[in-house]
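So you can see what is in the structure, the chains are spelled out below.
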Amino acid sequence: MRTRSPWTDRRRQFQDWPNYRWAVLGLTMAGIASTSIPITILSASLPVIADDLATSESAVSWVQTAPLIAMAVGTPIAGKVGDLYGHRRLYLWGYALATGFAVLTGLAWNVGSLVAMRTLGQFIGAATLPASMAIIMTVFARRERAVALGYWTAVTALSPAIGVALGGFMVDAFGWRTIFFIQAVPSMIALLAAIPLLPETTRKPEVRFDIGGAISLGVAVTGLLMAINRGPEWGWGHPLVVAGLAVGPLAFMLFAAIERHTADPLFPLEFLGRRGFVVPNLVTFLAHMAYMGTLVVAPFMLEGAFGITEVSRISAALIARPVGFSVGAWYAGRVESRWGGRTVMVSGALIMSAAMAGTGAAILAGWLAAVIVLLFVAGIGQGTIRPPAVAGVANSVDDSDLGVASGALQMIGHFGAATGITIMITVLGSSESAERYFAIFILAAAIGSLSALSARWSPGLGTSRSAGAGRRSRW
């Protein structure tokens with residue numbers, strides 16, 4: 001006879017707390033923050049890492065590229081695993097292994113081991129994103145989801161800025177390896193706190209995992225993202241880029257065929273017939289194109305248009321964006337129940353678009369202070385979009401599909417980011433003129449306007465005021 005774990009009784013005691021759901025939110029925010037801390041300071045440290053490991057900056061750039069692809073592949077698959085076997089279990093195992101790989105990354109002996117450990121850690125860590133979202137959306141009522149996701153998104157966005165503030169000093173004093181040791185400590189604390197606190201979620205032991213769908217989706221996402229990401233650097237005629245552009249769409253077609261005929265699909269294709277699911281994903285894709293594309297160009301802009309070459313000054317200027325993002329996400333969560341998700345998403349996209357256009361004009365005029373302020377405003381706009389988009393997707397599916405739905409949204413965001421980065425870097429070329437940066441930010445403003453236009457198609461008044469009114473809305 002199977003004995004009940006003492007943790008089960010402890011979790012039930014915690015669930016009787018009046019503010020239990022907020023404790024769960026705080027814990028998941030702390031966990032996600034620990035994995036987000038290294039992002040910005042790692043980018044700024046790539047030249048130092050290349051020198052220390054005696055390799056090229058092109059080779060060490062895979063420390064960022066490979067994990068991006070791994071996370072895009074891993075999030076929808078991890079979300080489905082959580083839907084089938086429980087998000088609490090997935091969250092705990094994901095954090096335990098990701099923490100271990102963070103330590104191993106800090107001990108890397110060459111660039112190959114560094115990329116491998118970082119990629120494996122991020123692939124496994126990707127499981128925690130849809131798992132934490134699903135857990136939050138399980139413990140919060142529909143009308144409160146946007147508020148909770150506003151806090152969650154705000155902390156996620158602010159964490160890289162904290163990493164710059166703390167990590168910059170640590171890297172200068174003790175070397176780049178401390179980035180990953182810094183990540184491991186709060187991750188371990190969050191993991192130990194999660195064991196007695198996080199609730200169990202519904203499982204589907206009778207449903208089989210869709211292996212064919214997972215493999216075909218992985219091949220499709222990897223092929224397309226690698227081609228989009230590496231095309232500008234390797235050249236669009238490079239054999240691997242051509243192969244990715246060819247294999248990716250074919251693998252997506254195979255994935256669709258598998259999902260259409262399997263009894264237990266990884267991703268139910270019927271989601272694509274729901275406006276409440278499709279519109280937030282489209283808005284997210286376009287918003288990430290504009291936001292992330294210009295974020296990558298921004299350091300070059302600060303150097304080329306304003307003559308700023310110090311990494312510390314560039315990082316300090318770019319902090320404006322994640323800070324603005326966190327402010328926008330926090331505010332969006334608070335007003336979404338009054339204004340509705342559609343209005344909040346449209347407003348956020350318009351704010352971001354206007355800030356992009358203003359940034360372009362400020363670059364031409366040579367107004368650095370205005371550029372920094374407008375980077376902050378653009379972050380507010382992007383942050384405002386995020387909570388209602390996530391809540392809208394969540395409210396368009398059954399609670400048993402929250403993991404795969406949120407994982408798909410994460411994947412779409414990665415595709416948008418990779419596409420935007422490729423477009424903006426291609427437009428930039430080798431030019432450092434203020435006119436070229438003006439053109440890039442005006443292009444981003446146009447993409448942001450398309451995001452706002454797309455958000456107008458969101459069903460009903462949003463995600464909380466109508467408590468799932470758009471849940472099954474069709475085109």
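See the structure printed just above.
These numbers come from a predicted model, not from an experiment.

Attention now goes to the nonpolar core. Residues Tyr91, Trp152, Val221 and Phe277 are the most contacted members of the largest nonpolar core, which totals 59 residues. Of the residues forming this core, the biggest block, 8 residues, is contributed by helix α18 (residues 402-428). Ranked by size, the runner-up nonpolar core spans 41 residues in total, among them Met301, Ala317, Leu375 and Ile440.

For the rest of this paragraph, the subject is unusual backbone geometry. Of note in this structure, Ala54 is not a glycine but carries a positive phi near 55°. Relative to the helices and strands, Ala54 resides in the loop between α3 (38-52) and α4 (57-60).

For the rest of this paragraph, the subject is the packing of helix α2 (residues 20-36) against helix α8 (residues 128-139). Two numbers describe how α2 lies on α8: the axes approach to 9 Å, and their chain directions differ by 165°. In this view, α2 runs roughly antiparallel relative to α8, as classed from their interaxial angle. With respect to the hand of their crossing, α2 and α8 are arranged in left-handed fashion. Listed contacts from α8 to Tyr20, Arg21, Val24, Leu25, Thr28 and Ile32 of α2 are Thr128, Leu129, Ser132, Ile135, Ile136 and Val139. A breakdown of the residues in the contact of α2 with α8 according to their chemical character gives 8 nonpolar, 3 polar and 1 charged.

The next subject is the environment of Ala391. Within the secondary structure layout, Ala391 lies in helix α17 (residues 368-394). Classification of Ala391 as buried rests on a relative accessible area of 1%. Spatially, the C-alpha atoms of Ala391 and Gly276 are 9.7 Å apart, while their sequence positions differ by 115 residues.

To continue, consider the environment of Val242. Mapped onto the fold, Val242 is located in helix α12 (residues 239-261). Of the residues examined, Val242 reaches a relative accessible area of 42% and is grouped as partly exposed. Each C-alpha atom, one on Val242 and one on Gly231, is 8.8 Å from the other, the two residues being 11 residues apart in sequence. Residues in contact with Val242, not counting those within four places in the same chain, are Trp236 and Gly237.

Calculation rules
- Residues numbered from 1 in each chain as written.
- Predicted model: local features only at pLDDT ≥ 70, side-chain atom pairs only at ≥ 80, totals over all residues.
- Heavy atoms only, no water.
- Core = buried A, V, L, I, M, F, W, Y, C linked by side-chain atoms within 4.5 Å.
- Buried < 20%, exposed > 50% of the residue type's maximum accessible area, 1.4 Å probe, protein only.
- Helix = DSSP H or I, 4+ residues; strand = E, 2+ residues; numbered from the N terminus.
- Axes fitted to C-alpha atoms, helices over the stretch in contact; angles between N-to-C directions.
- Parallel < 35°, antiparallel > 145°, perpendicular 65-115°, else oblique.
- Left-handed = near helix turned anticlockwise from the far one by under 90°.
- Contact = heavy atoms within 4.5 Å.
- Nonpolar A, V, L, I, M, F, W, Y, C, P; charged D, E, K, R; others polar.

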